[in-house]
Amino acid sequence: MEGGGRDKEQLLALKVMRLTKPTLMAFQPMSSDSRDLCGDLIRRLNESDLSKPRGLDYFPLGDLLTLPQNFGNIFLGETFSSYISVHNDSNQLCKDITLKADLQTGSQRINLTSVGDQPVPELLPDHSIDDVIHHEVKELGTHILVCAVSYAHPSGERMQFRKFFKFQVLKPLDVKTKFYNAETDEVYLEAQIQNITPGPIYMERVSLEPSPQYLAKELNTSDGKEGRLYGGVEYLSANDTRQYLYCLTPRPELYSDNKVLKGVTNIGKLDIVWKTNMGEKGRLQTSQLQRVAPGFGDIRLTVESVPDTVTMETNFTIVCRITNCCERSMDLSLALHNVAGQGVMWCGVSGRQLGKLPHNESLDIPLTLLPLTPGLQTISGLRLTDNFLKRTYEHDEIAQVFVIDQDTFQTM
């Protein structure tokens, strides 16, 4: 970026250039499983690639150095560095020179000059005033670098001029999130991160900063190695996407006494740190991630314990938890409905009274069932009635069990 040249009536010239490092040629190896039929062919292609670094198989940078040919791209989270030079092109002495550089974004104006507030007393012919500015880019869109120069002409007249340099800040990563609500108030967050820069980047850290209501646990492990989900390959090639998974659990102090954590939509923020192929660091933090809080209605029914496998014609027990989610107390009764042809049947008294259940309180009830048909069977037919309002809540498909025939199993 250069604003060279000087106006006809000006004695000073202003130049602005972006400071960038040379880059190493990117190497994008093709990977394959050792059992693939084309594994040897892919290995030979990688070995013959001109950009492949010597002695390294999957390192994303080669041995060849390339110099920047243009202004290049500036991505959100990177540090913008620029060299500013005010040069006296004339054969006359200029005095009281001031240099001011501001960066105008879509929402603010930031002063970047480090020369100082006091004017430079004088500038001899063929001499210059130099300054280097740095700024971590935190906004997308159009940025304008405004450089203003003011000085005293030998005639005593005060002269000044300004130069404008416009550039775009691009998005380096495309982040997509999905939420999965578990029955136990846990929330699973899946983050898909895509590299939309033209070159590879090294993923240094991807972490989740949870909101005050939750505790976060990373599920990004492979072979028991924390943070090594993708083995030894920690970089993202251009347009590649990776997925990260997190589990958020309500804090115990906010979820005591079996109270329902309702209406909490703020989950937290993703903090992503990466490095370019020359080690320059970039950081991106998302805005507060929000989910649609699940609605449980007046009554919430969860299964606290259920066996995975049961034997046919042998009773088994499950434990159900009933939580009053409405704003009043409820007087509940329990009914168990058996349907002809159902694989598992309820055993016990149907229509019994459970008593009053206050607001935000829970009640655990053990229930007995008899499996009659082998295979994967669904438990349905539980009915809860609020005797105050004469309203019935139907709960079907609350759990599944696998029923085996013990005689057939022993014969096999």
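Residues numbered from 1 in each chain as written. Predicted model: local features only at pLDDT ≥ 70, side-chain atom pairs only at ≥ 80, totals over all residues. Heavy atoms only, no water.

J.: Any details on the overall build of the protein? Residues and values, ideally.
T.: Broken down by element type, the protein carries two helices and 33 strands. The burial tally for the protein puts 40% of its 412 residues in the buried class. Per element, the accessible surface of the protein, about 23,000 Å² overall, is 49% carbon and sulfur. (Helix = DSSP H or I, 4+ residues; strand = E, 2+ residues; numbered from the N terminus. Buried < 20%, exposed > 50% of the residue type's maximum accessible area, 1.4 Å probe, protein only. Areas by Shrake-Rupley, 256 points an atom, 1.4 Å probe, with all protein chains shown as cover.)

J.: If you had to explain the sheet that holds strand E33 (residues 399-404) to someone new, which residues and values would you point to?
T.: Pairing is mixed in the open sheet, where three strands are placed in the order E24-E33-E30. At either end of the open sheet lies a strand with only one pairing partner, and these are strand E24 (309-311) and strand E30 (375-379). Neighbour to neighbour, the strand axes of the sheet diverge by 40° on average, direction disregarded. Bridging between E30 and E33 involves five bridges; their strand directions are antiparallel. By the bridge assignment, Ile379 is partnered in E33 with Ala399. (Pairing = 2+ DSSP bridges. Axes fitted to C-alpha atoms, helices over the stretch in contact; angles between N-to-C directions.)

J.: Please provide a residue-by-residue account of the side chain of Gln192, values included.
T.: Within the secondary structure, Gln192 is located in strand E13 (residues 187-195). Only 3.0 Å separates the side chain of Gln192 from the side chain of Glu190, close enough to count as a polar contact. If sequence neighbours within four positions are ignored, Gln192 has contacts with Asp174, Val175, Lys176, Lys178, Thr241, Arg242 and Gln243. (Polar contact = N/O pair within 3.5 Å; in protein donor to acceptor, adjacent residues only side chain to side chain. Contact = heavy atoms within 4.5 Å.)

J.: Run through the sheet that holds strand E28 (residues 352-357), naming residues and quoting values.
T.: Strand order in the open sheet made by the four strands is E28-E26-E31-E32, with antiparallel pairing throughout. At either end of the open sheet lies a strand with only one pairing partner, and these are E28 and strand E32 (391-395). Across the sheet, the mean angle from the axis of one strand to that of its neighbour is 25°, orientation sign disregarded.

J.: Describe the pairing of strand E23 (residues 299-305), and please don't skip the residues or the numbers.
T.: By the criterion of burial, E23 is predominantly enclosed, with five of the seven residues buried. Relative to strand E25 (residues 316-324), E23 is paired through six bridges, and the arrangement is antiparallel. Across the sheet, residue Val303 finds its bridge partner in E25, namely Cys320.

J.: Summarise the nonpolar core; cite the residues concerned and give the values.
T.: If you look at the biggest cluster of nonpolar residues, it comprises 49 residues, and the most contacted ones within it are Leu12, Leu145, Val149, Tyr151 and Met203. Of all hydrophobic cores here, the second largest spans 29 residues; its members include Leu301, Met312, Trp346 and Ile365. (Core = buried A, V, L, I, M, F, W, Y, C linked by side-chain atoms within 4.5 Å.)

J.: Outline the side chain of Gln377, supporting the account with residue identities and numerical values.
T.: Structurally, the position occupied by Gln377 is in strand E30. At a separation of 3.3 Å, a polar atom in the side chain of Gln377 contacts the main-chain carbonyl oxygen of Thr373. With near-sequence residues (within four places) excluded, Gln377 lies in contact with Gly343, Val344, Ala399, Gln400, Val401 and Val403.

J.: Before we move on, could you go through the pattern of salt bridges and cite the residues and values that matter?
T.: Per the stated rule, a full pass over the model turns up 12 salt bridges. Of the charged contacts in the structure, one is a salt bridge between Arg109 and Asp102, with a shortest N-O distance of 3.2 Å. Look at Arg109 and you get partly exposed, because its relative accessible area is 45%. Of the residues examined, Asp102 reaches a relative accessible area of 7% and is grouped as buried. (Salt bridge = Lys/Arg side-chain N within 4 Å of Asp/Glu carboxyl O.)

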